[in-house]
Amino acid sequence: KQFLDNYAEKTLDNEKFLYFPLQSEPEASIQMNTPFYTNQINLIETIAKAIPVDYVLYVKEHPLQKIKLWRSVDDYKKIIDIPNVRFLHPSVNAQEVLEKSQGVISLFGATGFEALFYQKPVILFGDEYYDKLSMVTKIEKITDLSQQIRNALNDFKFSERELSMFVKILKEFALPVPYYSILKDGVLISATQRNRNDFNLTNLEFTKFIKKWEKEFIILAKTIQTLSTDTN
């Protein structure tokens with residue numbers, strides 16, 4: 001935290017940039033969704049080399065990383081030392097970064113979907129529920145990265161109709177469950193066990209967690225049961 005406060009940048013310059021939001025680690029989704037891109041520092045270096053020469057790559061830490069424990073100082077130094085990369089402090093407003101960016105490059109996650117509402121092109125390495133939209137570029141071969149980034153920037157056409165229809169479908173079929181709030185609470189339990197190493201305390205927090213989100217878990221369980229029955 002002290003290193004980030006001292007060396008991470010807290011302001012945005014008036015320049016063309018693409019935004020890469022770091023995924024928090026450890027994270028099972030990285031292993032499942034993007035098994036070939038588990039080393040995010042190496043990927044940042046690859047992206048920085050692939051973007052147009054008049055662009056900069058802005059990298060920002062994931063808000064959940066504080067709960068999971070910050071990365072090592074060595075990791076942050078490696079990111080800062082990559083040419084053409086600016087490493088942003090976690091306190092920088094992510095919505096401001098999205099608004100001022102020329103586009104988002106991400107492993108996966110909700111940031112790419114949010115970028116569409118700012119009418120920005122999105123480039124993904126992993127699978128996401130919105131990756132079939134025409135405004136999203138899916139990277140299948142890392143050797144094509146440079147060309148696909150250029151195509152995404154030069155050929156981007158925002159479709160309000162397509163996005164509106166997609167949101168309408170999401171509202172129709174989505175479950176009324178605050179997924180990210182549940183996820184955050186779950187991560188806090190994990191952090192409690194790592195930091196306190198007290199099973200009884202962890203068990204107590206887990207009991208509170210189950211009770212707090214009991215209604216949501218029932219909705220999820222019934223939905224899964226229904227889907228399983230329909231499939232059979």
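Residues numbered from 1 in each chain as written. Predicted model: local features only at pLDDT ≥ 70, side-chain atom pairs only at ≥ 80, totals over all residues. Heavy atoms only, no water.

Caption draft 1: Here's a closer look at the pattern of salt bridges. Within this structure, the stated rule accounts for 14 salt bridges. Between glutamate 61 and arginine 71 there is a salt bridge; the shortest N-O distance is 2.8 Å. Residue glutamate 61 is located in the loop between strand 2 (56-60) and helix 4 (65-68), and its partner arginine 71 is located in the loop between helix 4 and helix 5 (73-80); the two are separated by 10 residues in the primary sequence. Overall, the relative accessible area of 13% leaves arginine 71 in the buried class. Taken together, the shared-partner salt bridges in this structure form one network comprising Glu9, Asp13, Glu15 and Arg86. (Salt bridge = Lys/Arg side-chain N within 4 Å of Asp/Glu carboxyl O. Helix = DSSP H or I, 4+ residues; strand = E, 2+ residues; numbered from the N terminus. Buried < 20%, exposed > 50% of the residue type's maximum accessible area, 1.4 Å probe, protein only.)

Caption draft 2: Quick peek at the packing of aromatic side chains. By the definition in use, this model includes 11 aromatic pairs. Arranged with centres 5.0 Å apart and planes meeting at 85 degrees, the rings of tyrosine 129 and tyrosine 130 form a pair that is edge-to-face. Judged by relative accessible area, tyrosine 129 falls into the partly exposed class, the value being 46%. Measuring from ring centre to ring centre gives 6.3 Å for tyrosine 129 and phenylalanine 166, while their planes differ by 5 degrees; the resulting arrangement is stacked. In this pair, tyrosine 129 sits in the loop between strand 5 (122-124) and strand 6 (136-138) while phenylalanine 166 sits in helix 9 (residues 160-173), placing the two residues 37 residues apart along the sequence. Aromatic ring contacts, followed pair by pair, group Phe113, Phe117, Tyr129, Tyr130 and Phe166 into a single cluster. (Phe/Tyr/Trp six-rings, centres within 6.5 Å; stacked < 30°, edge-to-face > 60°.)

Caption draft 3: View of the pairing of strand 1 (residues 17-21). Burial of strand 1 is extensive: five of the five residues sit out of reach of the surface. Neither face of strand 1 is exposed, since Phe17, Tyr19 and Pro21 on one face and Leu18 and Phe20 on the opposite face are all buried. Relative to strand 2, strand 1 is paired through five bridges, and the arrangement is parallel. Its bridge partner being in strand 2, tyrosine 19 is matched across the sheet by tyrosine 58. (Pairing = 2+ DSSP bridges.)

Caption draft 4: Examining the environment of glutamate 25 more closely. Within the fold, glutamate 25 resides in the loop between strand 1 and helix 2 (28-33). Glutamate 25 sits 106 residues away from aspartate 131 along the chain, and the two C-alpha atoms are 23 Å apart. At 3.0 Å, the side chain of glutamate 25 forms a polar contact with the side chain of glutamine 40. (Polar contact = N/O pair within 3.5 Å; in protein donor to acceptor, adjacent residues only side chain to side chain.)

Caption draft 5: Geometry of the environment of lysine 10. Summarising the element assignment, lysine 10 is placed in the loop between helix 1 (2-7) and strand 1. The partly exposed category is assigned to lysine 10, whose relative accessible area is 47%. On a C-alpha basis, the gap between lysine 10 and valine 56 in space is 16 Å, while along the polypeptide they are 46 residues apart. Contact partners of lysine 10, with chain neighbours within four places excluded, come to Leu4, Asp5, His89 and Val92. Of note is the side chain of lysine 10, whose polar atom sits 2.6 Å from the backbone oxygen of aspartate 5. (Contact = heavy atoms within 4.5 Å.)

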